[in-house]
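This is what each chain is made of:
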Amino acid sequence: MSTIVILTGAGISAESGLETFRAETGLWAQHRVEDVATPEGFARDPALVVAFYNKRRSQAAAALPNAAHYALARLEAEHSGDVLIVTQNVDDLHERSGTKNLIHMHGALNSALCGACDHRWPAPAVMAANAPCPSCGAPTARPDIVWFGEMPYHMDQIFETLSRADIFVAIGTSGNVYPAAGFVAEAARAGAETLEINLEPSSVGSQFDDALLGPATQTVPAWVDSILKRT
Ligand code: APR
């Protein structure tokens, strides 16, 4: 029974209407990373940062999972071996399509974090700047998002699973941000078969055994069908 590890990025949610980061009109063309996705930016202007994530939270809430999300949930339900999705995305479209075995390595829009005591709670639709932590009371509520310069979540569990992977697939990610961009090398070291599913080859595309290029709503269901035929 094969273990499948799937890394997803912003591209899997693009056809649900959510912006990616590095497209010409993407999020990083509209906002400076240092202003809205670093601890220093948050310390400098918390109102600007919570407004950025409040907008993304409301866009994600209005979005619907697409055929790629549903195909991965079907794979998890029907594949005889383990399926783990590691997502860089902070939307909840994987959960809403039925995926259960999921790691948000960059955090989640629907979660809030206390910068003082690390308490987590469900994020309000609209988070206020300097809101009090419901646990310690300090005015240090922040989006539970991993910013640049911070350590991604659950790395031990991710690397342990990669060491057991028989198949590793990256979907909708440009391969520009580590440690996620290094997962293909980890999986290959473990002897996994590696596949990149994307609109075009990513920055680490040459490290994959194979590629399936095209929109995720077409390529991912086709790939899932091919995998389920194997088992
Ligand atoms: N189907 C498949 N792939 C797509 C689609 C689509 N419909 N639309 C876009 N893509 C691909 C693009 O070709 C690109 O390679 O998705 C990728 C998106 O790349 P990025 O915008 O860089 O997003 P991502 O790789 O998820 O970024 C990684 O960077 O800024 C940080 O924390 C942020 O998690 C994010 C990380």
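All values derive from a computational prediction rather than experimental measurement.

1. Re the UniProt feature "binding site: substrate" (unreviewed entry) in the protein
Phase 1 of the analysis: The residues that UniProt annotates with the feature "binding site: substrate" (unreviewed entry) are Tyr-53 and Arg-56. Residues from the named set that contribute to the lining of the second largest cavity are Arg-56.
Phase 2 of the analysis: Within the secondary structure, Tyr-53 is located in helix H5 (residues 46-62).
Phase 3 of the analysis: With a relative accessible area of 2%, Tyr-53 lands in the buried category.
Phase 4 of the analysis: Non-local contacts of Tyr-53, meaning those with residues more than four positions away in its chain, are made with Val-36, Ala-37, Leu-109, Pro-143, Ile-145 and Trp-147.
Phase 5 of the analysis: Position of Arg-56 relative to the elements: it lies in helix H5.
Phase 6 of the analysis: Overall, the relative accessible area of 13% leaves Arg-56 in the buried class.
Phase 7 of the analysis: When neighbours within four sequence positions are excluded, Arg-56 is seen to be in contact with Phe-21, Leu-27, Val-90 and Leu-109.

2. Topic: the site of the ligand
Phase 1 of the analysis: Near the ligand lie 22 residues; those nearest to it are Phe-21, Arg-22, Thr-173, Ser-174 and Glu-200.
Phase 2 of the analysis: Separating an oxygen atom of the ligand from a side-chain N or O atom of Trp-28 is a distance of 2.8 Å.
Phase 3 of the analysis: Here Asn-198 contributes a side-chain N or O atom positioned 2.9 Å from an oxygen atom of the ligand.
Phase 4 of the analysis: About the coverage of the ligand: the protein hides 91% of its 730 Å² of free accessible area.
Phase 5 of the analysis: Among the residues forming the shell around the ligand, the class breakdown is nine nonpolar, ten polar and three charged.

Calculation rules
Residues numbered from 1 in each chain as written. Predicted model: local features only at pLDDT ≥ 70, side-chain atom pairs only at ≥ 80, totals over all residues. Heavy atoms only, no water. UniProt positions renumbered as here; feature names shortened; annotations may be inferred. 1 Å grid on protein atoms, 1.4 Å probe; cavity = no way out; pocket = protein on both sides within 12 Å on 5 of 7 lines; lining within 4 Å. Helix = DSSP H or I, 4+ residues; strand = E, 2+ residues; numbered from the N terminus. Buried < 20%, exposed > 50% of the residue type's maximum accessible area, 1.4 Å probe, protein only. Contact = heavy atoms within 4.5 Å. Near = heavy atom within 4 Å. Polar contact = N/O pair within 3.5 Å; in protein donor to acceptor, adjacent residues only side chain to side chain. Areas by Shrake-Rupley, 256 points an atom, 1.4 Å probe, with all protein chains shown as cover. Nonpolar A, V, L, I, M, F, W, Y, C, P; charged D, E, K, R; others polar.

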